[in-house]
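Structure assessment
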Amino acid sequence: MLNEFTQVLTIAGSDSDGSAGAQADLKTFMARGVYGMSVLTAAVAGNSYGIHDSVNMPVSFIENQIKDIKDDFKVSAFKTGMLSDSEIIHTVTEAIKDKPFGYFVLDPVIITKHGAMLLETEAYQTLIDELFPLADLITPNFYEAKKLSGLELENKEEIIKAAHKLRKLGPKNIMIKGEHSDDSIDEVEDYVLLEDGQSFWISEPYVKTEHINGTGDTLSSCIVAELAKGQSMEDAIKTAKTFTYNAIKHEIAVGHKYGPINHFVKDDIQ
Ligand code: PXL
């Protein structure tokens, strides 16, 4: 009986309004039927209008949180989200480099959709140098993929090129999420490059809504949950894309402005 239930972990920031960060991850874990744990790296004060303050956790406290989980639990897959700066990235790298938690999905959180910086510019290279080589999958959005690859991503060929460039930096699998910053887009197309060299595009219709906080967090934490339950990387990515799409499509009325997505959504809703 000991530690048999499927367990997963997020190493991420807390978002006070519950729409993104560790809160979105834990809700996703619950929705996907796995036991979720959270190591907090930072906490932001925010609501549906935006982020108004943030503090980083002391690195010794981050180390102690990770140690307590290592000492007791059997984590099958985990993700990282907001890591704030190079010191935190370094602390997390040191704590997970012996691969204690199974599959590693790295969501390279840089900036929120509304412009709040969640990773210092000076820390991009630390993320690449230290954590990329350990990752089973990275899930940059369009903006993050541009920053991390140094390419403009003006067409599909450039997106494919960026994925290959990012894979040379160490992550086994790459998912570059499609552009969805303007309402003229009909389809959001993500590009996936797998470890064995196979690749595919996944697309979903663009949903016209302001309730998209926590979308990237939900996608990556759903992938974590599905990997932990035994799905292949390809299937976990496809399941997560559908779950996230449904959570965006079936909007819930919370907050005045850029509200959360709907983690109550069920798989059979289309
Ligand atoms: O969705 C990106 C994100 C990640 N982590 C935290 C956040 C946000 C966006 O608001 O607050 C803590």
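Residues numbered from 1 in each chain as written. Predicted model: local features only at pLDDT ≥ 70, side-chain atom pairs only at ≥ 80, totals over all residues. Heavy atoms only, no water.

As recorded by an unreviewed UniProt entry, the protein chain carries the name Hydroxymethylpyrimidine/phosphomethylpyrimidine kinase and is attributed to Companilactobacillus pabuli. Here is the UniProt Sequence similarities (unreviewed entry) comment for the protein chain, exactly as written: "Belongs to the ThiD family." (UniProt positions renumbered as here; feature names shortened; annotations may be inferred.)

1. Some remarks on the overall build of the protein chain
What the protein chain contains, in helices and strands, is 8 helices and 9 strands. Over its C-alpha trace the protein chain gives a radius of gyration of 17 Å, about what one expects of a compact globule, namely 18 Å for 270 residues. Projected onto its principal axes, the C-alpha positions of the protein chain cover 50 × 40 × 40 Å. Each of the 270 residues in the protein chain was classed as buried or not, and the buried ones make up 53%. Contacts in the protein chain between residues at least 24 apart in sequence constitute 68% of all its contacts with a sequence separation of at least 6. Accessible surface computed for the protein chain: about 12200 Å², of which carbon and sulfur atoms make up 51%. Considering the protein chain, the positive charge centre built from 25 side chains and the negative charge centre built from 42 side chains are found 3 Å apart. (Helix = DSSP H or I, 4+ residues; strand = E, 2+ residues; numbered from the N terminus. Rg over C-alpha atoms; globule rule 2.2 N^0.38 Å. Buried < 20%, exposed > 50% of the residue type's maximum accessible area, 1.4 Å probe, protein only. Contact = heavy atoms within 4.5 Å. Areas by Shrake-Rupley, 256 points an atom, 1.4 Å probe, with all protein chains shown as cover. Lys, Arg positive; Asp, Glu negative; His and termini not counted. Charge placed at Lys NZ, Arg CZ, Asp CG, Glu CD.)

2. Notes on the nonpolar core
Counting 43 residues, the largest nonpolar core has Leu9, Ile96 and Leu131 as the members making the most contacts within it. At 5 residues, helix α3 (residues 86-96) tops the list of elements feeding residues into this core. Beyond its immediate sequence surroundings of up to four residues, Leu9 is in contact with Phe29, Met37, Ser38, Val39, Ile69, Val75, Ala77, Phe78, Lys79 and Phe101. One finds Ile212, Leu219, Phe243 and Ile261 within the second-largest nonpolar core, a separate group that totals 28 residues. (Core = buried A, V, L, I, M, F, W, Y, C linked by side-chain atoms within 4.5 Å.)

3. Quick notes on the site of the ligand
Neighbouring residues of the ligand: Gly13, Ser14, Asp15, Ala20, Gly21, Val44, Ile51, Met82, Val109, Thr112, Leu118 and Asp217. The side chain of Asp15 places a nitrogen or oxygen atom 3.2 Å from an oxygen atom of the ligand. Here an oxygen atom of the ligand sits 2.6 Å away from a polar atom, N or O, in the side chain of Asp217. For the ligand, the protein covers 91% of the area, taking 310 Å² as the surface of the free molecule. When residues in the shell around the ligand are grouped by element, the largest group, 3 residues, is from strand β1 (residues 7-15). Among the residues forming the shell around the ligand, the class breakdown is 6 nonpolar, 4 polar and 2 charged. (Near = heavy atom within 4 Å. Polar contact = N/O pair within 3.5 Å; in protein donor to acceptor, adjacent residues only side chain to side chain. Nonpolar A, V, L, I, M, F, W, Y, C, P; charged D, E, K, R; others polar.)

4. Some thoughts on the side chain of Asp15
Among the structural elements, Asp15 can be located in strand β1. It is Lys27 that comes nearest to the buried, bridge-free Asp15 among opposite-charge side chains, at 9.2 Å. (Salt bridge = Lys/Arg side-chain N within 4 Å of Asp/Glu carboxyl O.)

5. Concerning the sheet that holds β1
Sheet strands associate in pairs through backbone hydrogen bonding, adopting either a parallel or an antiparallel arrangement. Here 9 strands make up an open sheet; going across it, the order is β3-β2-β1-β4-β5-β6-β7-β8-β9 and the pairing mixed. Since the sheet does not close on itself, it has two edges, and those belong to β3 (50-56) and β9 (199-205), each with one partner. Two strands pair when backbone bridges link them, and strand β8 (residues 187-193) and β9 are joined in this way by 7 bridges, in the antiparallel orientation. Across the sheet, the residue bridging to Asp190 is Ile202, located in β9. Here helix α1 (residues 21-31) sits on the sheet in contact with β1, β2 (35-47) and β4 (75-80), set at roughly 150 degrees to β1. Sitting on the sheet, helix α2 (residues 59-72) touches β1, β2 and β4, and the angle it makes with β2 is about 155 degrees. (Pairing = 2+ DSSP bridges. Axes fitted to C-alpha atoms, helices over the stretch in contact; angles between N-to-C directions.)

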